[in-house]
Every structure is written in C-alpha cells, then in structure tokens.
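# Structure at a glance
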2 protein chains.
Amino acid sequence: MPTIPGQLTPSPRLLLGPGPSDAHPRVLTAMTTPLLGHLDPQFLELMNETQEMIRTVYQTKNKMTFPISATGTAGMETCLVNLLEPGDKAVICAKGYFGNRMIDIAGRTGAEVTTLTVPWGQVFDLNVIRETLQKVRPRVLGIVHAETSTGAHQPIEELGKLCHEFNTLLVVDAVTSVGCTPVEVDAWELDAVFTCSQKGLGCPPGLSPITFSERAMDVVRNRKIKCRSWYFDLSLISTYWGGDRAYHHTGPISMVYALREGLRVVLEEGLETRFARHVRNHHALKAGLEAIGLTYTADPAHQLPQLNAVRIPAGIDDVACRKKLLNDFGIEIGGGLGDFKGVAWRIGLMGYNSKPSSVLLVLAAMEQVLKSAGAAIEPGRGVAAAEGVYAQKV
Amino acid sequence: MPTIPGQLTPSPRLLLGPGPSDAHPRVLTAMTTPLLGHLDPQFLELMNETQEMIRTVYQTKNKMTFPISATGTAGMETCLVNLLEPGDKAVICAKGYFGNRMIDIAGRTGAEVTTLTVPWGQVFDLNVIRETLQKVRPRVLGIVHAETSTGAHQPIEELGKLCHEFNTLLVVDAVTSVGCTPVEVDAWELDAVFTCSQKGLGCPPGLSPITFSERAMDVVRNRKIKCRSWYFDLSLISTYWGGDRAYHHTGPISMVYALREGLRVVLEEGLETRFARHVRNHHALKAGLEAIGLTYTADPAHQLPQLNAVRIPAGIDDVACRKKLLNDFGIEIGGGLGDFKGVAWRIGLMGYNSKPSSVLLVLAAMEQVLKSAGAAIEPGRGVAAAEGVYAQKV
C-alpha cells in the first residue's frame, strides 16, 4: 500500500513577495464551480467575456487577446517563438533577471540576438535604443516593463512609435505591471504583450494573458516556417481562442473561471482607482521602509509601486530573517534573484494585497525581525511613517 | 465604462465526453485553499507528496516525475522537444488524431520523422513496429496508448523491451489511460510518458503529469544543443521540480492543490479497484449502447473501457442530437475528431464519472434523443441491458 499524504492544510500566509500574491477570495470561490466542457456553448461565452475584459485591462482592441494555458513565462515564449524565425534579428534590452530570460528564449528561436544592458536597478534611455535600432534594424525588440528582480519601471510610452520607425515589432513583458500600473497597448503601440494571472489580477498562477497587434499577427501569418512550438503556435491556438472555437488543446476551465472572476473584480474597482491605490500603498510602505533605514535598489525616478526591492542591511542574515517573517508572522517576502541574491529583499504590494493592512503588518513585522537580528531599529518608527502617509488627504 | 459580465453561473453538466470529465468534488474544494508561495517550504513538501503519488499511479521509481504546468499536449511537446534534436530520427505510430498530433510536434523539433499508420480504430502489431525499428533505428518511437479519437487501446506491455533492443526510447501518450487502465512505466520499460489532469485523475484540465526514465534523462543531459523550448526544457525545470527547488517558473499553486487531492482520491480507492470499476461500467454501457443498435468504431479486441466511440446511425443529425443531450439532460458527449467528425460519438466514463449513475442516465437520455430523431428505439432497452450487467455478480 502506498502512503497517502494527509488532508491539505497549509498555514495561512500573506504573500508579499514578487508573486504569487494572494488570490482574491471571490476568485478562490469561483474555482469551486463545477466544470463545463471546453467546447460547451456556455464556456465559449465565458471565453468571449474573459477576452473582452483582458482587452479592457490592456486598453486594446486587438482581436488576438486571450490567456495562454500556462504561466507567465509561457507568454514570453509565445510572443518570441511566434514572431521570430531562424536568422531573424532581435534586440533584447536586459536590465535584470527577466531581461536575461528573454535573451535565452529569443536565442532558442534561431534568431540572431543583440543584447542591450544597463546596470540592475536602472532603466533604458530611448536614445540608446534608437541608436541600436538604427544599426541592427531588428524584426523584434524585447523589453521588460516592470523588472521584478530590481523594482525598476521602464518608460515605454514612446517606445512603440520609435520601434515602428524602424519597422520593428515591440514585445513587452508586462508580467508585473498589468493590474498594478497603466499598460496602454493601443495608445503606446505595443505589438505583443504578455502578463500573468497571479500578481495585479489577483488570481492563482497558471495563465498568461497575451495580446498581439494586427501588425504582429501579419508577421505570424506570413512566417516562412512553422513555429518551433506546437503548444504556443498562435496560428493553431487562434482556431480555438481566435474565432472558430475549434479544438486545439483542452482549455484549463477552472483557471479561466478564476481569471474571469479576477478581471470582474479589477473592472468593478476601475483601472484608475486601482492604479492610484497601488501608488498610495507604495508611498506608505516606502516611507516606512526608509524610516527603518532600508534603501531601494531601483533608480528613484523609476520605482515600481507594486514591487519594492530594498537592500538587505549589512550584517543581517537574509534567509534567517525571511524565515522568521514566514514562521512568526505568516508573511512571505521575496529574496533576491540572480545578481541580487542575498543582496535584496522584494516586497510586493500587488492586486488584492496592495492595501493598508498589508503595509502596516509587514512594517511592524520587519521592525521586530530586524531588531531581533541586531539592527538598530526603534520599534514603531516604520509603522508611524506609513500611518503618516495614510493620514494625508488624497 | 466597460461592460462587466455577471456572476459565474454555468448550468450543471455531466461531462461524458473525451475529457474534461467532472472533477471530484473534493478536488474543487481543495482549490479554494488560500495560496502558498511557490518556494514556501510547505509548498515544497506538497510538491514532494504530489510527485510521490504520481510515481505510484505511473508505477515507477523515476526521479524525474512531476506535472508540467500546462495541459496534456504540453506533456507531449515536453517529451518530444527534450528527446529529439535536429537531424535525429523518430518513428511515430499514428492510428488516430493524437498520433497525427505527435507527428506534427516531432517534426517541429527538426527531427526526421518516419510515420507508421494503421486505419483509425485499429492498433499496431508489434512485428510491424519491429521491422520499422530495424530499418530506421530511430532515437525515439512515439505511440498513443489510449487513442481518444477512436477508443482503441494499443498494447504496449512488450513495446519498451522491443524499442530497447534497437537503442530506441519509447515515448507514450497516456493522456486517456492513466487513472482508468493500467500504465506500468517501470515494468513495461516506458521511457517518457505524459498524461493530463482532467480524465482518469478527476481534476480540472491544466496540468500534465510526466515521467522520464533514467535512460531518457541521459539523452536529455547529453544534448548537443539547447532544447527548442525554454518553458518545457527539462534541464531547467528539473532545478525546480527535480531537486534544488530553485525558481524556474511560478508553479500553478491551485492546480497542484487540485492534483494532489485528485491523486489522494485515486490512491484511497486503489489502482486495481479503480481499473476494475472502469471495466465494469464500460461493460454496462456497451451492453446498453449495443442494445439500442449502436456499434463501436474500435477493434473489439482493443476497446478502451474509458472511451466508448460509436458510429452515429445513418440519417441521425450529429450536432442536433448532442445539443439535445446537453440542453435537455445537461449531458455532454463528444463529437468525432478529424476523420471521425460527423461519423462518431465519443462517450467517456473516466475517473469520477465512471459510475452506474452516469451509465444509466446517458443511456436513458440517448434512447430519448435517438427516438425523437427518428431512430427505431424501444424505450428502456439500453437501460435494461446495462442493468443486466450490473445485476451480475462481480
């Protein structure tokens, strides 16, 4: 007889890392809904509704807008593997861990990849990108909007126009921005954008909403050779999500239920209100973290509200502190990735979790944890600074 | 203001198509559990438990056993894209829609694909496969165990040994067999096997449990060039699911909760009992379907118990009948795929849904639907035949 593990009883957590964030309770409830078939007329209607809400969140009219049936990085792969063919030129802008990932994925398509880098925590100057576009004339330029490894917020409002001067398609990693900060696909002329379900949209991880402009779809439709991936081949998936609703793969029903409910929550709040909420809670958290002596890793002019990466103070044990936060307070924050491993902590205030109670609790807990690790922290200073921000009129 | 769709209120369904089948109620409940982080020590333990239960279901000791974070076909792609490099030789055995899919996916790896076919509904003779192995000497042979488009059950008990005589790896599509009929990975010497969550395992669609033998992992470890997919690259995913638990992608937490609960249900029942249950309910359904004049598409000696594909009687409107089943009785059965579109209906009795109440209800409903479509059906004959089977001692 095999050993059968016991009932599922995880400890309660407050997920303030780089994602997943806590799913909204309404989303968890939606997932208990019994299944429909993936070709049931009622499910097809739920797909339509979900697609229309993704369009609203992306601020786009793009027909080709739907969730890839896999997690966020699958969206990155979908964008690159559909737009690039062997021998094509691509420029990837890397300012952190996820830019590096994009370089790896673009390389696997057989494209010739040119890499642009700035130090971690910085963002790209559009003039530098212009020079590279002029020189390389790539089919695709890839860039991360919200770099989750550093907390840096890349300005991309003018980048689409710039790329189109050179007949280049702009691929944007919006995994950590959608639902937290504005992403205006049509106004900014973005060509292929991907995000995830488990951050700004307040759902569990498992889906990657993407959108492709008609300009990008023209490239997909005129490929010379088949896409290297079958599962991510838009020319095939579009038979299911794109119109005919013909079978491609079996849609992940419960995750679509979850995403639909998460999007309803987002739109009920309204995008502007949601973005303002993220900014306000960020200001409070930042005031608190700085009051207890922590400094941000990203360029202050380009700090993401939803992802606060701060330097671990000298002499403080990274892992021990995060363990104490988890075990004593049920709070998860993120460690550093790549170059920032052991150097930074990442505190996410995303979607459902961007709220005063998260801010005040994580500050109070961090004060205690840092103090018990030997830092010179005056109890209550961080919390008081955050409360000061909340006391200000909006 | 965007239009926000209403609350999620799908009609209740009994999913008796080729999958998804209904998820077990305990599985739906497990998905409401609040999230853990994908690197939380408690989640890592749930991963261990889930992997160990997948090993039990696959009857294997393979270390590299875990769920791919996407649906069943992603498992097919994972197996082929990791084992094949450009110029490698592959033999794919196609006896239906999913064998054809394997040919397409294998071709995208850059491998030289040799195709073996038999008419839809038939299975392969191992002597024919032997001749081809002898001639081609491929790196990989791919075959579908339970062909969902035809209901044919390919014998594979001796196929692994045969492949290994020629130093060929055996890749098996067990999407529709795992949890319904025996799949003995170690005893049958299968090298790379994939399945899905939404059939025999009684979960929603969204995960693809796979297992790789050490023989297969040796090939993965000794690749000359990078895997064409980043998301499905086992050399990368194995850092997360394989041992170090280092970040690769964000694990789909709620779906892993679901799979863990689904596997607990499977193991509490016991594999032998579960397989016997599928056979018994199949016998009852078959007796009923034949009593109302329907005939199976698959070779009778190789009929799957969990997937009953029958010919649509002459003069009967395929779509209208399935629509009536859905709207009047809440029952979904599957239409035909590919060559069998408009030719066959596919009735699944999988996992949680393989039970007498499904059998009796679908027979009663089909009697009514066929009668109202003009077939010469005597009401109650199908149900009576099924009841006759259930009345027999086991």
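- As recorded in an unreviewed UniProt entry, chain A goes by the name Alanine--glyoxylate aminotransferase family protein, listed as coming from Limnoglobus roseus.
- Listed under Sequence similarities (unreviewed entry) in UniProt, the entry text for chain A is "Belongs to the class-V pyridoxal-phosphate-dependent aminotransferase family."
- Checking UniProt for chain A, the heading Cofactor (unreviewed entry) contains the comment "pyridoxal 5'-phosphate".

## Digging into the interface of chain B and chain A
- Taken together, the 75 residues of chain B in the interface contact 75 residues of chain A.
- Contact with chain A buries surface across chain B, with Leu8, Arg108 and Trp230 of chain B losing the most and accounting together for 13% of the total.
- The interface formed by chain B and chain A includes 6 salt bridges.
- The partner of Asp104 of chain B in a salt bridge is Lys226 of chain A, and the shortest N-O contact between them spans 2.8 Å.
- The interface formed by chain B and chain A includes 32 residue pairs in polar contact (both at pLDDT 80 or more).

## Observations concerning the UniProt feature "binding site: substrate" (unreviewed entry) in chain A
Residue and element names in this part refer to chain A.
- Listed under "binding site: substrate" (unreviewed entry) in the UniProt record, and renumbered for this structure, are Arg346.
- Within the fold, Arg346 resides in strand 13 (residues 344-348).
- Engagement of the side chain of Arg346 in a polar contact is seen with the backbone oxygen of Thr148, the distance being 2.9 Å.

## Comments concerning the relation of the copies chain B and chain A
- With an RMSD of 0.0 Å, chain B superimposes on chain A once it is rotated by 180° and translated 0.0 Å along the axis. Both copies are brought into coincidence by an operation consistent with a two-fold rotation axis. For chain B, the residue whose C-alpha comes nearest the rotation axis is Ala70 of chain B, separated from it by 2.4 Å.
- Both copies share a contact surface, since 100% of the interface residues of chain B are interface residues in chain A too.

## Some points on the packing of aromatic side chains
- For the coordinates displayed, the defined rule picks out 17 aromatic pairs over all chains.
- Look at Tyr240 of chain B and Trp241 of chain B: their rings are 6.0 Å apart centre to centre, the planes differ by 70°, and that puts the pair in the edge-to-face class.
- Over the face of the ring belonging to Tyr352 of chain A we find Lys355 of chain A, whose NZ or CZ atom lies 3.8 Å from the ring centre.

## Some words on the domain arrangement of chain A
Residue and element names in this part refer to chain A.
- Partitioning chain A into domains gives domain 1 (25-267) and domain 2 (271-391).
- On a C-alpha basis, the centres of domain 1 and domain 2 stand 29 Å from each other.
- Counting residues at the interface gives 29 residues for domain 1, matched by 22 residues for domain 2.
- When the two sides are added together, the surface that domain 1 and domain 2 hide from each other amounts to roughly 2200 Å², 66% of it contributed by carbon and sulfur.
- On the domain 1 side of the contact with domain 2, Trp120, Gly151 and Cys180 bury the most area, a combined 24% of that side's loss.
- The interface formed by domain 1 and domain 2 includes 10 residue pairs in polar contact (both at pLDDT 80 or more).
- Taken together, the elements giving at least two residues each to the side of domain 1 that touches domain 2 come down to helix 2 (41-58), helix 4 (97-108), strand 6 (146-147) and strand 7 (152-153).
- Split into classes, the residues belonging to the side of domain 1 that touches domain 2 amount to 13 nonpolar, 14 polar and 2 charged.

## Examining helix 5 (residues 126-136) of chain A
Residue and element names in this part refer to chain A.
- Buried residues of helix 5: Ile129, Thr132, Leu133 and Val136, and no others. When helix 5 is viewed along its axis, its buried side chains cluster within an angular range of 100° and face the same direction. Structural note: helix 5 exposes Glu131 and Lys135 on the side pointing more than 90 degrees away from its buried face.
- Along its buried surface, helix 5 packs onto strand 3 (89-94), strand 4 (112-117), strand 5 (140-144) and helix 6 (159-165).
- One or two residues past the end of helix 5 sits Arg137, with phi positive at roughly 50°.

## A word on the pattern of salt bridges
- Scanning the model with the defined rule gives 38 salt bridges over all chains in all.
- Each of Arg26, Glu261, Arg264 and Glu268 of chain A takes part in a single network of salt bridges with overlapping partners.

## Looking at the sheet that holds strand 10 (residues 208-212) of chain A
Residue and element names in this part refer to chain A.
- Taken in spatial order, the 7 strands make up an open sheet running 2-10-9-8-5-3-4, and their pairing is mixed. Since the sheet does not close on itself, it has two edges, and those belong to strand 2 (64-68) and strand 4, each with one partner. Neighbour-to-neighbour, the strand axes of this sheet turn through a mean angle of 15°, independent of strand direction.
- Two elements, strand 3 and strand 5, share 3 bridges in a ladder whose sense is parallel. Counted as the bridge partner of Ile92 is Gly142 from strand 5.

## Details of the nonpolar core
- Membership of the largest hydrophobic core comes to 186 residues, with the highest contact counts inside it found for Phe212 of chain A together with Phe212 of chain B.
- Among residues more than four places away in sequence, those in contact with Phe212 of chain A are Asn62, Met64, Thr78, Cys79, Asn82, Leu83, Asp191, Ala192, Met217, Val220 and Leu234 of chain A.

## Topic: the packing of helix 12 (residues 356-372) of chain A against helix 13 (residues 381-391) of chain A
Residue and element names in this part refer to chain A.
- Remark: helix 12 packs on helix 13, axes separated minimally by 8 Å, with the N-to-C direction vectors making an angle of 160°. It follows from the interaxial angle that helix 12 and helix 13 lie roughly antiparallel. In terms of crossing hand, the pair formed by helix 12 and helix 13 is right-handed. Along its contact with helix 12, which presents Pro356, Val359, Leu360, Leu363, Ala364 and Glu367, the element helix 13 presents Arg381, Gly382, Val383, Ala386, Glu387 and Tyr390.

Reading the values: the criteria
- Residues numbered from 1 in each chain as written.
- Chains lettered and ligands numbered in written order.
- Predicted model: local features only at pLDDT ≥ 70, side-chain atom pairs only at ≥ 80, totals over all residues.
- Heavy atoms only, no water.
- UniProt positions renumbered as here; feature names shortened; annotations may be inferred.
- Contact = heavy atoms within 4.5 Å.
- Buried area = accessible area lost by both parts, 1.4 Å probe.
- Salt bridge = Lys/Arg side-chain N within 4 Å of Asp/Glu carboxyl O.
- Polar contact = N/O pair within 3.5 Å; in protein donor to acceptor, adjacent residues only side chain to side chain.
- Helix = DSSP H or I, 4+ residues; strand = E, 2+ residues; numbered from the N terminus.
- Least-squares fit on C-alpha atoms with pLDDT ≥ 70 in both.
- Phe/Tyr/Trp six-rings, centres within 6.5 Å; stacked < 30°, edge-to-face > 60°.
- Lys NZ or Arg CZ within 6 Å of the ring centre and 35° of its normal.
- Domains from an automatic or database assignment.
- Nonpolar A, V, L, I, M, F, W, Y, C, P; charged D, E, K, R; others polar.
- Buried < 20%, exposed > 50% of the residue type's maximum accessible area, 1.4 Å probe, protein only.
- Arc of directions from axis to C-beta.
- Pairing = 2+ DSSP bridges.
- Axes fitted to C-alpha atoms, helices over the stretch in contact; angles between N-to-C directions.
- Core = buried A, V, L, I, M, F, W, Y, C linked by side-chain atoms within 4.5 Å.
- Parallel < 35°, antiparallel > 145°, perpendicular 65-115°, else oblique.
- Left-handed = near helix turned anticlockwise from the far one by under 90°.

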